[in-house]
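# Tertiary structure, described
This is what each chain is made of:
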Amino acid sequence: MARTKTHFDLRDACAEPGCPVCRLTLAAVARAIDAVDDEFVNDPDVRAKIERTWGFCNTHAQQWLREGHVLGVAIAYESVLARVRPDVEKARASARSGLVSGLAAR
């Protein structure tokens, strides 16, 4: 049976303390974040996909912000924020009008 890169990666991860699967998973996520930063952040198709999915989940968005390039995060999330802005402004206006009408009722 031929040995694969995964076999050797797992073997090496088992030599370290802690869970080898977690170690390999965290390394894969870090590589994905690097790839977005280095290769994909300027790709309009990738940015459109990020926008359609409302960005990354909270865990990975925070990780990208901590470990990635801030400019890359800003570029990718610009369209996500533009997409949610009308909803935020509408909610803000509703909250303001509710507060005003609540005060007027007193």
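Look up a bit, the structure's there.
Only a predicted model underlies this, so the values are computations on that prediction, with no experimental measurement involved. (Residues numbered from 1 in each chain as written. Predicted model: local features only at pLDDT ≥ 70, side-chain atom pairs only at ≥ 80, totals over all residues. Heavy atoms only, no water.)

## As for the overall build of the protein chain
Each helix and strand counted, the protein chain has five helices and zero strands in total. The order of α-helices and β-strands along the protein chain, N terminus first, is α-α-α-α-α. A compact globule built from 106 residues should have a C-alpha radius of gyration of about 13 Å, whereas the protein chain, at 21 Å, is more than 25% larger. In terms of its C-alpha atoms, the protein chain occupies a principal-axis envelope of roughly 75 × 35 × 25 Å. (Helix = DSSP H or I, 4+ residues; strand = E, 2+ residues; numbered from the N terminus. Rg over C-alpha atoms; globule rule 2.2 N^0.38 Å.)

## A word on a negative patch on the surface
Taken together, the side chains of Asp34, Asp38, Glu39 and Glu67 make up a negatively charged region of the molecular surface. Here the negative patch takes three residues from helix H2 (residues 20-40), the largest share from any one element. Its location among the elements puts Glu39 in helix H2. (Patch = residues over 30% accessible without salt bridge, like charges linked within 9 Å, V, L, I, M, F, W, Y side chains within 5 Å. Areas by Shrake-Rupley, 256 points an atom, 1.4 Å probe, with all protein chains shown as cover. Salt bridge = Lys/Arg side-chain N within 4 Å of Asp/Glu carboxyl O. Lys, Arg positive; Asp, Glu negative; His and termini not counted. Charge placed at Lys NZ, Arg CZ, Asp CG, Glu CD.)

## Looking at the side chain of Gln63
Tracing the sequence through the fold places Gln63 in helix H4 (residues 58-67). Residue contacts for Gln63: discarding those within four places in its chain leaves Val29, Ala30, Ile33 and Gly68. (Contact = heavy atoms within 4.5 Å.)

## Quick look at helix H3 (residues 44-52)
For H3, the N-terminal cap is Asp43; the gap from its side-chain oxygen to the backbone nitrogen of Asp45 is 2.8 Å. Positioned one or two residues after H3, Trp54 has a phi angle of 60 degrees, which is positive. (Polar contact = N/O pair within 3.5 Å; in protein donor to acceptor, adjacent residues only side chain to side chain.)

## A short note on the packing of aromatic side chains
Applying the stated criterion across every chain yields a total of two aromatic pairs. Ring plane angle 45 degrees and centroid distance 5.1 Å describe the contact between Phe56 and Trp64, whose orientation is recorded as tilted. Ring pairing ties together the aromatic residues Phe56, Trp64 and Tyr77, which thus form one cluster. (Phe/Tyr/Trp six-rings, centres within 6.5 Å; stacked < 30°, edge-to-face > 60°.)

## Concerning H2
Over its 21 residues, H2 extends 28 Å from the first C-alpha to the last, a length consistent with the 30 Å expected when each residue adds 1.5 Å. Within the sequence span of H2, burial applies to Pro20, Val29, Ile33, Ala35, Val36 and Asp37. (Expected span 1.5 Å × (residues − 1). Buried < 20%, exposed > 50% of the residue type's maximum accessible area, 1.4 Å probe, protein only.)

## Some remarks on the nonpolar core
Ranked by size, the top nonpolar core spans 11 residues in total: Val29, Ile33, Val36, Val41, Ile50, Ala61, Trp64, Val73, Ala76, Tyr77 and Val80. Mapped onto this core, the elements with two or more residues apiece are H2, H4 and helix H5 (70-104). If sequence neighbours within four positions are ignored, Trp64 has contacts with Ile33, Val36, Asp37, Phe56, Gly72, Val73, Ala76 and Tyr77. (Core = buried A, V, L, I, M, F, W, Y, C linked by side-chain atoms within 4.5 Å.)

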